[in-house]
Amino acid sequence: KCTSVEPHLFRLKWMLMLETTICGAYLGMALILAAFALETRGKISSRAPAYLWTMGIGQILLGIRAGVTQEWPFVALSIVWAGFAFYAIFFPNSAE
């Protein structure tokens, strides 16, 4: 009997992608929680570029994982959240 290797390779690639994206999701979560903790303790402003970059990157990482696992509402939330963060970076409020 001859068995095909392709299904096994596909499964291996899928598992590797899941492992990679879960690591990214944990990193994204840590970035978001760190920024939020610093902001709530008054150590950083929610308008500071460091805060906004951290939130934007964290949301992108979480959104990638949500896309891989097909959690579409969370993908939408991540896109909007990251979009607002990057918009605030590149188009800061002129009153500040």
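Along each chain, the written sequence defines residue order, and numbers are assigned to residues from 1. Per-residue local features are limited, in this predicted model, to residues with pLDDT of at least 70; the limit for side-chain atom pairs, both in listing and counting, is 80 or more; totals at the level of whole chains, interfaces and linings are taken over all residues. In computing side-chain properties, one takes all heavy atoms of the structure into account and sets aside hydrogens as well as water.

## Quick notes on unusual backbone geometry
Line of reasoning, step 1. Here Gln-70, not a glycine, exhibits a phi torsion of approximately 60°, which is positive.
Line of reasoning, step 2. Only DSSP runs of H or I with at least four residues qualify as helices, and only runs of E with at least two residues qualify as strands; both kinds are numbered from the N terminus onward. Along the chain, the position of Gln-70 falls in the loop between helix H2 (49–68) and helix H3 (72–90).

## Topic: the environment of Trp-81
Line of reasoning, step 1. With respect to the helices, strands and loops of the structure, Trp-81 is situated in helix H3.
Line of reasoning, step 2. Once you skip the residues sitting within four places of it in the chain, Trp-81 turns out to touch Met-55 and Gln-59. In this analysis, two residues are considered to be in contact whenever any of their non-hydrogen atoms come within 4.5 Å of each other.

## Re the nonpolar core
Line of reasoning, step 1. Grouped together as the largest cluster of nonpolar side chains are twelve residues: Ala-25, Ile-32, Ala-35, Ala-48, Tyr-51, Leu-52, Met-55, Leu-62, Ala-82, Phe-86, Ala-88 and Ile-89.
Line of reasoning, step 2. Mapped by element, the contributors of at least two residues to this core are helix H1 (6–40), H2 and H3.
Line of reasoning, step 3. Setting aside residues no more than four positions away along its own chain, Ala-82 makes contact with Gly-56, Gln-59 and Ile-60. Here, nonpolar core means buried Ala, Val, Leu, Ile, Met, Phe, Trp, Tyr and Cys residues that are tied together by side-chain atoms lying within 4.5 Å of each other. Throughout this description, buried means an accessible area under 20% of the type-specific maximum (1.4 Å probe, protein chains only), exposed means over 50%, and partly exposed covers the range between.

## Some words on the packing of H2 against H3
In a packed pair of helices, the relevant descriptors are the angle between the two axes and the axis-to-axis distance.
Line of reasoning, step 1. Where helices are involved, their axes are fitted lines through C-alpha atoms of the stretch in contact, as for all axes, and angles between N-to-C directions lie from 0 to 180°. The geometry of H2 relative to H3 is characterised by a closest axis approach of 8 Å and an angle of 160° between their N-to-C directions. By the criterion of interaxial angle, the relationship of H2 to H3 is roughly antiparallel. Between H2 and H3 lies a crossing of left-handed hand. Between H2 and H3, the contacting residues are Leu-52, Trp-53, Met-55, Gly-56, Ile-57, Gln-59, Ile-60, Leu-62, Gly-63, Ala-66 and Gly-67 on the first element and Trp-72, Phe-74, Val-75, Leu-77, Ser-78, Trp-81, Ala-82, Ala-85, Phe-86, Ala-88, Ile-89 and Phe-90 on the second.
Line of reasoning, step 2. Residues are grouped as follows: nonpolar covers Ala, Val, Leu, Ile, Met, Phe, Trp, Tyr, Cys and Pro; charged covers Asp, Glu, Lys and Arg; every other residue, Gly included, is treated as polar. Here the residues of the contact of H2 with H3 are counted per class, giving 18 nonpolar, five polar and no charged. Roughly parallel here means an angle under 35 degrees, roughly antiparallel means over 145, roughly perpendicular means 65 to 115, and every remaining angle is called oblique. Helix crossings are classified by the rotation of the near helix relative to the far one: an anticlockwise turn of less than a right angle makes the crossing left-handed, while a clockwise turn makes it right-handed.

## As for the packing of aromatic side chains
How two aromatic rings sit relative to each other is set out by the distance from centre to centre and by the angle between their planes.
Line of reasoning, step 1. Only Phe, Tyr and Trp rings take part, Trp by its six-membered ring, and two of them pair if their centres are within 6.5 Å. Stacked means planes under 30 degrees apart, edge-to-face means over 60, and tilted covers everything else. Tallied over the full model, the rule gives three aromatic pairs.
Line of reasoning, step 2. Taken together, a centroid distance of 5.1 Å and an interplanar angle of 35° make the contact between Tyr-87 and Phe-91 tilted. Like Phe-91, Tyr-87 is exposed.
Line of reasoning, step 3. Among the aromatic residues, ring-to-ring pairing joins Trp-53, Phe-86 and Phe-90 into one connected group.

## Regarding the environment of Pro-49
Line of reasoning, step 1. Among the secondary structure elements, Pro-49 is positioned in helix H2.
Line of reasoning, step 2. Sequence separation between Pro-49 and Ile-89 is 40 residues, and the spatial gap between their C-alpha atoms is 6.1 Å.

## Here's the deal with H1
Line of reasoning, step 1. To estimate the expected span of a helix, subtract one from its residue number and multiply by 1.5 Å. Across its 35 residues, H1 extends 50 Å between first and last C-alpha, which sits within 8% of the 51 Å expected from 1.5 Å per residue.
Line of reasoning, step 2. All of the buried residues in H1 are Thr-21, Gly-24, Ala-25, Gly-28, Ile-32 and Ala-35.
Line of reasoning, step 3. Summarising the contacts, the buried residues of H1 are in contact with H2.
Line of reasoning, step 4. Gly-42 sits one or two residues past H1 and shows a positive phi near 75°.

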